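Examining the three-dimensional arrangement
Now for the letters of each chain:
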Amino acid sequence: MDTTHSLRPIKSFVLRQGRLTKGQEQALQTGWPCFGIENSRELLDFPALFGNPAPVTLEIGFGNGESLAQMALAAPERNFLGIEVHTPGVGHLLHLVQKHQLTNVRVLNTDAVDIIQQRIPTKSLERVQIYFPDPWHKKRHNKRRIIQTEFVSLLATRLQAGGLLHLATDWEDYAESMAEVMQASPDFHSANPSGEAFSPRPEFRPLTKFEQRGLKLGHGVWDLLYLKN
């Protein structure tokens, strides 16, 4: 089934443009022409976009970009495509990209669902990561959570065989919901050898300052790593 046509719209975010700092504004002005991807409906050509055929990691909702920049710096042999709706976060990531002279990062400032449906070629991604998405913790808002059966099915069409879908959340209720969706998916199996839904945090996912603060307060964090069948 072609999920690109059947997937109902998910409003998984609230557009919060916020106020740009001078540094973020300057980074957008100087970094976007080199690392930003303009809106269109054309399929992305990753080897042409990055200038090499390295495997591509897609991060949906990278926040302020700190962890994505760290991952790109630690793995120059990989390419990273980040999608974020919060413009100040995009500006901060572009600042880090220029500061560390990263050449393996490209950025989109728009809705991830539309991009995945319209611009990501099938079987073109080696990894998709979604870290700490909006939990929409009120029950009446749970339908807005991005990790839903239809969306996971869409991601499966864009991942290569054996590709990794990595989810992380610090909301236990959302973690349980994610586990239910992933364990029921015919497209994925748990990367945990035991087959359990949750896995230890892999070394390649950096601890954010927010996460470190939460751990000190006794808050839990749940990682889910799933491989495409």
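Quick look at the structure, then. (Residues numbered from 1 in each chain as written. Predicted model: local features only at pLDDT ≥ 70, side-chain atom pairs only at ≥ 80, totals over all residues. Heavy atoms only, no water.)

Remarks on the overall build of the chain
Within the chain, the regular secondary structure consists of 9 helices and 7 strands. Taken across its 229 residues, the chain has 50% of its residues classed as buried. Expressed as a percentage of contacts within the chain between residues at least 6 apart in sequence, the contacts between residues at least 24 apart total 79%. Accessible surface for the chain amounts to roughly 11,800 Å². Of this, 53% is attributable to carbon and sulfur atoms. (Helix = DSSP H or I, 4+ residues; strand = E, 2+ residues; numbered from the N terminus. Buried < 20%, exposed > 50% of the residue type's maximum accessible area, 1.4 Å probe, protein only. Contact = heavy atoms within 4.5 Å. Areas by Shrake-Rupley, 256 points an atom, 1.4 Å probe, with all protein chains shown as cover.)

A closer look at unusual backbone geometry
For residues besides glycine, phi is generally negative; the peptide bonds are generally trans as well. The backbone phi angle of Gln-101 is positive, close to 55 degrees, even though this residue is not glycine. Along the polypeptide, Gln-101 turns up in the loop between α5 (87–99) and β3 (105–108). Residue classification places Gln-101 among the exposed residues on the basis of a relative accessible area of 68%. A positive phi angle, near 55 degrees, is found at Lys-123, a position not held by glycine. Here Lys-123 is to be found in the loop between α6 (112–118) and β4 (125–131).

Quick notes on the packing of aromatic side chains
As enumerated under the stated definition, the model contains 1 aromatic pair in all. Taken together, a centroid distance of 6.4 Å and an interplanar angle of 45 degrees make the contact between Phe-46 and Phe-50 tilted. Of this pair, Phe-46 and Phe-50 both sit in helix α3 (residues 46–50), separated by 4 residues, roughly a single helical turn. This pair shows no difference in class: Phe-46 is buried, exactly as Phe-50 is. The ring of Tyr-174 carries the charged tip of Arg-145 above its face, separated from the ring centre by 4.5 Å. Lying over the aromatic face of Tyr-131, Arg-205 brings its terminal NZ or CZ to 5.6 Å of the ring centre. (Phe/Tyr/Trp six-rings, centres within 6.5 Å; stacked < 30°, edge-to-face > 60°. Lys NZ or Arg CZ within 6 Å of the ring centre and 35° of its normal.)

Overview of the pairing of β3
Consecutive side chains along a regular strand alternate between the two faces of the sheet. Where burial is concerned, the two faces of β3 agree: the one with Val-105 and Val-107 and the one with Arg-106 and Leu-108 are both buried. Note: strand β2 (residues 79–83) against β3, 4 bridges, orientation parallel. Bridging from a neighbouring strand, Gly-82 pairs with Val-107 of β3. Handedness of the crossover joining β2 and β3 through α5: right-handed. (Pairing = 2+ DSSP bridges. Right-handed = clockwise from strand over helix to strand, strands pointing away.)

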